[in-house]
Amino acid sequence: MNGSVFNVTMFLAIFPELWIFALATLVLILELALPKAQHRSLGWVTAIGLLLGIGVGLVVAVPSPQAQLVWGDLIRFDRLGFVFSLLFMFGASMTALFSSNLEKLGQRGDFYVLMLVSTLGMCLMASASDIIMLYLAIETTSIPLYILAGFYKDDEKSTEAGFKYLLFGAMTSAVMLFGFSYLYGLAGTTNLYELANQVLRNQLSPFLLYGVLGLILVGFAFKISAFPFHFWAPDVYTGAPTPIAGFLSTASKAAGFAVLVRVLWVGFPEVQPYWVYILSGVSIATMTLGNLLALAQRDMKRLLAYSSIAHAGYALIGFVAVSELGITSVIFYLVVYLLTNLAAFGTVAVFEKTSGSSEIASFAGLSRRSPWLAIMMLVAFLSLAGMPPFGGFVTKFAVFAAAVDRGLIGLAVVGVLNSIVGLYYYLTVLKVIYLYRSEEEHVAVPVPQASLLALAVLCIGVIAMGIFIAPGFNIALLGARALW
Amino acid sequence: MIPLSWYLIFAAALFSIGLFGVLSRKNAVAILMGVELMLNAVNVNLLAFWRYLAPENMAGQVFAVIVFAVAASEVAVGLALVISVYRRRQSVQADEINLLKY
């Protein structure tokens, strides 16, 4: 930097965060200013504000291909962080639309503010290049999410979900932080991009790095709900308000992957064989466990929770195929997975509002009660199962292709076998929706306007991603290239 | 001067005690106290490394300040959630809070 302390690039680098912060302030003010009857519109304000932010960001704040370190090297202004920031904003805006017509959720400004603050933390996670910033960003994301999971104060399940999420989250983040403290001690720097050089210069024993990396991976595995730190996910997703469960399983998980990609690639290149070895094992265990346990579920949200654990395993396959194609496929996977899983949780939220239950059996006859909702569930579930022509097929293909490209045939085979197990339980749900009859068939399931809009956008997105592959893949490629 | 390794051994012991507390205690407040011990071990580590290895660079101190600010907010949220659970069930025993399973 020459002369002045601040320059325009610094503010462009944190444009998404600034925008979200301003929006959160606006929502707080509007909650005070508007009469209670109009609080419903806060959801629209949040959603439209975020979409507007994405639009403005695309016009003014696109990073150049040459990445820059700004704010005293705390933030890296690059396309990887930018792609993820826009993804989180989009996910948050869809979640706001799903929440806006839920009685105890959508009419409260503090709900939207907490969600926005959490999104702000995710954006920082994706662009942090310093472990101090990284820790602060992870906690900025997590702490509002603990509150959101326990947002229904008079509901036993919701408070329990928040409670469990907090206890596991606090413990794993403390373990991760202990790893960070050793990392600082070993390298003498907190900057991720200097870390690798320092480690080389100090000639550290790889065993020290193995230990430190093990501690750090505990925290990351919790965020992406990978084996053996996956067990909180089913409980929390079941108890938390449904749109928040969707947000947790998509945006929060994608943020975890963004951090994982950056920290391991940039900070630990010398011990790459070690973490590839560990993460391959984690990937196999995660997808197998997620899929097998999903087979036995009777509750829709629990089923989706186990399915989301399995999907973390698939995405890890692309990651351990350490190559440009691998990272690209992970980003692409996360984008499509965000669209698909938000749609799945969105349909469950709409149905749950009418029926009061998320048991899979209660979905019987949905195709007659609300054909459009059933179609949207069909799109979401088939895409989750990885069927063409939906986005889920293309991304699974990309991930497996990346693995095969690097000679990881065994991993790809396990992945394909797991997809077949997955197909079974996704189709079981669709069977209940389309073939089973129920006594309440004449009771229609009304789909509120906001949810309908969000679901339509998400489903069209899922189909478009499956048919027009190139744009999505190229965006992911831009993000992946920015890593170096 | 006290050698660096003494601080590191102390921090590792503190961390282990905290982790043991988190894993073995049933009472939610005791679990949160265990987490606090773990975070304090991190701070001891950070400050020892800062003082012995890079005293001219403030990063370690700043990191420690941020850690205890975050720890305070985490506990504030944690106790709030514990209270909301207690109001529903009249209990803060982690093993009795088991509505969600399977």
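Residues numbered from 1 in each chain as written. Chains lettered and ligands numbered in written order. Predicted model: local features only at pLDDT ≥ 70, side-chain atom pairs only at ≥ 80, totals over all residues. Heavy atoms only, no water.

Looking now at the pattern of salt bridges. Pairs can form between side chains of opposite charge once their charged atoms are near each other. Scanning all chains against the criterion turns up 13 salt bridges over all chains. When the shortest N-O distance is used, the salt bridge between Arg108(A) and Asp110(A) registers 2.7 Å. Of the residues examined, Asp110(A) reaches a relative accessible area of 27% and is grouped as partly exposed. Put simply, Glu156(A) and Arg89(B) hold a salt bridge, and the shortest N to O gap is 3.5 Å. Within this pair, whereas Glu156(A) is found in helix 8 (residues 156-187), its partner Arg89(B) is found in helix 3 (residues 59-89), the two belonging to separate chains. According to the relative accessible area criterion, Arg89(B) is buried, its value standing at 19%. Here the residues in one salt-bridge network are Glu156(A), Glu160(A), Lys164(A), Asp235(A), Arg302(A) and Arg89(B), joined through shared partners. (Salt bridge = Lys/Arg side-chain N within 4 Å of Asp/Glu carboxyl O. Buried < 20%, exposed > 50% of the residue type's maximum accessible area, 1.4 Å probe, protein only. Helix = DSSP H or I, 4+ residues; strand = E, 2+ residues; numbered from the N terminus.)

Attention shifts here to the packing of aromatic side chains. Residue and element names in this part refer to chain A. Enumeration over the complete set of coordinates arrives at 28 aromatic pairs over all chains. Aromatic side chains Phe6 and Phe11 sit 5.8 Å apart centroid to centroid with 40° between the ring planes, which places their arrangement in the tilted category. By relative accessible area, which is 48% here, Phe6 ends up partly exposed. Judged by centre distance (5.7 Å) and plane angle (85°), the ring pair of Phe332 and Phe473 falls under edge-to-face. One end of the pair, Phe332, is in helix 15 (residues 324-355); the other, Phe473, is in helix 21 (residues 469-481), and 141 residues separate them in sequence. (Phe/Tyr/Trp six-rings, centres within 6.5 Å; stacked < 30°, edge-to-face > 60°.)

Below, the discussion takes up the domain arrangement of chain A. Residue and element names in this part refer to chain A. Partitioning chain A into structural domains gives domain 1 (15-269) and domain 2 (271-484). For domain 1 and domain 2, the distance between their C-alpha centroids amounts to 21 Å. At the junction of the two partners, domain 1 supplies 53 residues and domain 2 supplies 54 residues. In total, domain 1 and domain 2 occlude about 4800 Å² of area from one another, counting both sides; carbon and sulfur atoms represent 79% of this. The interface formed by domain 1 and domain 2 contains one salt bridge. Linking Arg302 and Asp235 is a salt bridge whose minimum nitrogen-to-oxygen distance equals 3.0 Å. (Domains from an automatic or database assignment. Contact = heavy atoms within 4.5 Å. Buried area = accessible area lost by both parts, 1.4 Å probe.)

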